[in-house]
Amino acid sequence: MHASTSAGREARARRLKSHAVRAVAALAVAGLAAGCSSASSSSAPSTGGGSSSAPGKGASTVGFIMVGEENDQGYNQAVYTAAQAASKDLGVKPLLAANVPETTQVTATMQAMVNEGAKVIFATSYGYYPFALAFAKSHPSIVIVHQGGLFTGPGKIPANFGTYWGEAFEPVSLGGMAAGATTKSDKLGFVYAFPIAQTIDNIDAFELGAQLTNPKAVTYTEATSEWCDPLKQKTAAAALLSQGADVLSQHQDCQSTVIEAAKAGGASVVGYHYDASDLDPTGWLTGSAWQWAPVYESIAKTAIAGSFTGSRYNANWVGTFQADDNPLGLASFGPKVDASLQSRITAKLATYKTGASIFKGPITCNNGKTLVPAGVTPTYAQINAFDCFVKGVVGTVPKS
Amino acid sequence: MNGLQQALAGGVESGTVILFPALGELIGERAGIVNLGSEGCMLAGALAAYALTAETGSPVLGVFVGAAAGALIGMAHAYLVVRRRADQLASGLVMWFLAVGLTAVLGAAFVSRTATPLEVVKIPLLGSIPGLGPILFDHDPLVYLGYALVPLVWWILFRTRAGLVLRATGERPEVVAVAGRRPELIQIAAVSIGAALAGVGGAQLSVGYVDNWFDDMTNGYGFVAVAVVLFAAWRPLWVLFGSYLFGVALASASVLQAHGVAVNQYLLDALPYLVTIVVLVAVARRGSNQAPEGVTRALTNTS
């Protein structure tokens, strides 16, 4: 499996349901709004100009399209916050569109943004990919970049198109260190949706990180088969708490239900996607949070300078700690993480920056199989092909 | 609590989320009106309850407003269906669409707001019964309201004159009219009360159990409630059984995983639906088809 496909698979699975729901929601709202928005967005398809100048050159307006709520304390809020910050830094006018379903409405929204003068557009949900790519092809003067996707052809990547993402498992392992060091019961809980590669990597990295600070730490896993179903998140969290887990983490789109359940049950939390420490200031240990602003700025700057074509962003770009450009970083520390633990975690982060890996062998699966032989550091592609939970994780990866 | 107790206790909590809209749907269908918009009524109830609780700090007030929000959507459905002769299934779906869209827009400000949920009340004495106490008598008050409501609905429907009139309306409204009653008003009232109960089910979800609001958080459980009524053959006690069965299966999936039992995740995910349908079809529906004639007409004669 190729490196970034897991990100794509995750996002696709995540959006399968919300796709239908948002479409329905949009329908109902559009009905109420008497179609005033569609009138502006479906206006005459301007071509976006010729390709005489470099795509995106001199852009003073930048568009951002999001699939969900701008205040979801998760994936979309991370996009929203970064879009605001990056635009301010660059001195460009941001056009922000939230709750845009993964339908032709993406195309309409991009066209409306172009009509408003946008020359660079960030399409931030996986399901936007086909619309973003098609739009890029028909608008060669506009830079279209896609968050979490992967260009695999056919043909050469368009000169005005690219994808970008960040390596997740290393920041997640740092959260695992905080969890391992603070647990009293040596039992950690992890709520996830589907056993896709990126989630398997995250759970394995979480447990391996926890073992760094607490060799006895065990991670109990709960699959909900949904990216955001509060009822199932609640039953999962309740089962984990009752099993004795006193730190909960997750790989879900909406994180507040698990955080509230942990708070009510006196457990701590390690977050994902967004720094939600204000939901539970005392129980929050740390987490992984998207910090997209530097990436957005770098991409927009490259485009504005007229040098997008042929740059690293005119490709499938993945940020890493080693290259010091990972958009997924460590969230803030809560009060339970004392100074010495904080310095252990930041020291570990420093080793990742110089090429260390949480997945350096020997690593054994919880079924006894060898996952990574001793002394071997797996490649990013190999890590994204992991198909088992490591020793210390309670749970099995189902054969789908 | 051991695993079994935990699955049963969690099942009662999450089953109550299904029980309220299912009882509500039963009342409406006994009067001859199907409300596929139950899901939307739940969503409206969940949001209204959560919003009021977040703003006022009173989850009890939240529950009442949640019921009112559900009832409002139910009234709109009843008006379209009873007064304007709209197709029941189409109108119900429209109500659902409307609620999904409206709650997503109106609820945006309440995503990730915190609120004080309904408190768990352990019932004295009963809550201390070994084994049974934690399963049945250590929950939020809406769970106990559910216990009381089932026999009450049964008694009203099958032991009172009002219930007889309501059921007659569901079978032969013209006979009810000849007897000097107004079947249309009875239907509108029944659907509205049922929708209010669906709103309470939404409140149980947002301020009773999960303590959170998120768009589309009902995730199809309102449709599960409609299905439970169908498979329970329109009988309140079987609706109770079916709702809890679904909840217990849902909670069991979590408990099994937390104990490291290696069951395929996708099978676990399907379990609540499979178990509930199989058991209700095999047990509850054995014998007669008790569908109110009004419901049969609505389901078969879609004009």
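This text gives an overview of the structure that appears in the document. (Residues numbered from 1 in each chain as written. Chains lettered and ligands numbered in written order. Predicted model: local features only at pLDDT ≥ 70, side-chain atom pairs only at ≥ 80, totals over all residues.)

## So, the overall build of chain A
At step 1: In terms of helices and strands, chain A carries twelve helices and 15 strands.
At step 2: For chain A, the proportion of its 400 residues judged to be buried stands at 58%. (Helix = DSSP H or I, 4+ residues; strand = E, 2+ residues; numbered from the N terminus. Buried ≥ 20, exposed ≤ 12 C-beta atoms within 10 Å, placed from the backbone.)

## What to know about unusual backbone geometry
At step 1: In this structure, the amide linkage connecting Gly153 of chain A to the following residue, Pro154 of chain A, adopts the cis form with an omega of 5°.
At step 2: Mapped onto the elements, Pro154 of chain A comes out in the loop between strand S4 (143-147) and strand S5 (161-166).
At step 3: Cis rather than trans, the peptide bond between Gly361 of chain A and Pro362 of chain A has omega equal to 5°.
At step 4: Turning to its location among the elements, Pro362 of chain A is positioned in the loop between helix H11 (339-353) and strand S13 (363-364).
At step 5: Phi is positive for Ala233 of chain B, which is not a glycine, with a value near 55°.

## A closer look at the interface of chain A and chain B
At step 1: Chain A puts 40 residues into the contact, and the matching count from chain B is 40 residues.
At step 2: Among the elements of the structure, helix H1 (5-32), strand S7 (218-223), helix H8 (230-242) and helix H9 (256-264) of chain A are those that each provide at least two residues to the side of chain A that touches chain B.
At step 3: Grouping the constituent residues of the side of chain A that touches chain B by class yields 20 nonpolar, 13 polar and seven charged. (Contact = placed C-beta atoms within 7 Å. Nonpolar A, V, L, I, M, F, W, Y, C, P; charged D, E, K, R; others polar.)

## A few points about the sheet that holds strand S10 (residues 284-290) of chain A
Residue and element names in this part refer to chain A.
At step 1: What the seven strands build is an open sheet, ordered S12-S10-S9-S8-S6-S7-S15; its pairing is mixed. The sheet is open, and its two borders are formed by strand S12 (328-330) and strand S15 (393-394), each paired with just one other strand.
At step 2: Pairing of strand S6 (residues 187-192) with S7, which is carried by six bridges, proceeds in the parallel orientation. When the sheet's bridge partners are listed, Val191 is paired in S7 with Glu222. (Pairing = 2+ DSSP bridges.)

## Quick notes on the nonpolar core
At step 1: In terms of nonpolar packing, the biggest core is built from 221 residues, with Ile144, Ala237, Leu248 and Ala300 of chain A together with Ala46, Val228 and Val229 of chain B touching the most fellow members.
At step 2: For this core, the element with the most residues is helix H11 (residues 236-258) of chain B, which contributes 14 residues.
At step 3: Every residue in contact with Ala237 of chain A, bar those within four places of it in the chain, is listed here: Val191, Leu248, Val258, Ala261 and Ala262 of chain A. (Core = buried A, V, L, I, M, F, W, Y, C linked by C-beta atoms within 7 Å.)

## Here's the deal with the sheet that holds strand S2 (residues 93-97) of chain A
Residue and element names in this part refer to chain A.
At step 1: Across the sheet, six strands lie side by side as S2-S1-S3-S4-S5-S11; this open sheet has parallel pairing. The outermost strands of the open sheet, each flanked by one partner alone, are S2 and strand S11 (316-319). When strand polarity is set aside, the average angle formed by the axes of neighbouring strands in this sheet is 20°.
At step 2: Across four bridges, the pairing between S5 and S11 is parallel. Across the sheet, the residue bridging to Thr163 is Asn316, located in S11. (Axes fitted to C-alpha atoms, helices over the stretch in contact; angles between N-to-C directions.)

## With respect to H9 of chain A
All names here are of chain A.
At step 1: Of all nine residues that make up H9, eight are buried, and the element is covered over most of its length.
At step 2: For H9, the full list of buried residues reads Ser256, Thr257, Val258, Ile259, Glu260, Ala261, Ala262 and Lys263.
At step 3: Check the buried side of H9 and you find it contacts S6, H8, strand S8 (247-251) and strand S9 (268-271).
At step 4: Among the residues trailing H9, Gly266 stands out with phi positive, at a value near 75°.

## Digging into the packing of H8 of chain A against H11 of chain B
At step 1: Across the interface, H8 of chain A lies against H11 of chain B with an axial gap of 8 Å and an inter-helix angle of 40°. In terms of axis orientation, H8 of chain A runs oblique to H11 of chain B. Classified by chirality, the crossing of H11 of chain B by H8 of chain A is right-handed. Of H11 of chain B, the residues touching H8 of chain A (which contributes Thr235, Ala236, Ala238, Ala239 and Leu240 of chain A) are Leu250, Ala251, Ser254, Val255, Gln257 and Ala258 of chain B.
At step 2: Grouping the constituent residues of the contact of H8 of chain A with H11 of chain B by class yields eight nonpolar, three polar and no charged. (Parallel < 35°, antiparallel > 145°, perpendicular 65-115°, else oblique. Left-handed = near helix turned anticlockwise from the far one by under 90°.)

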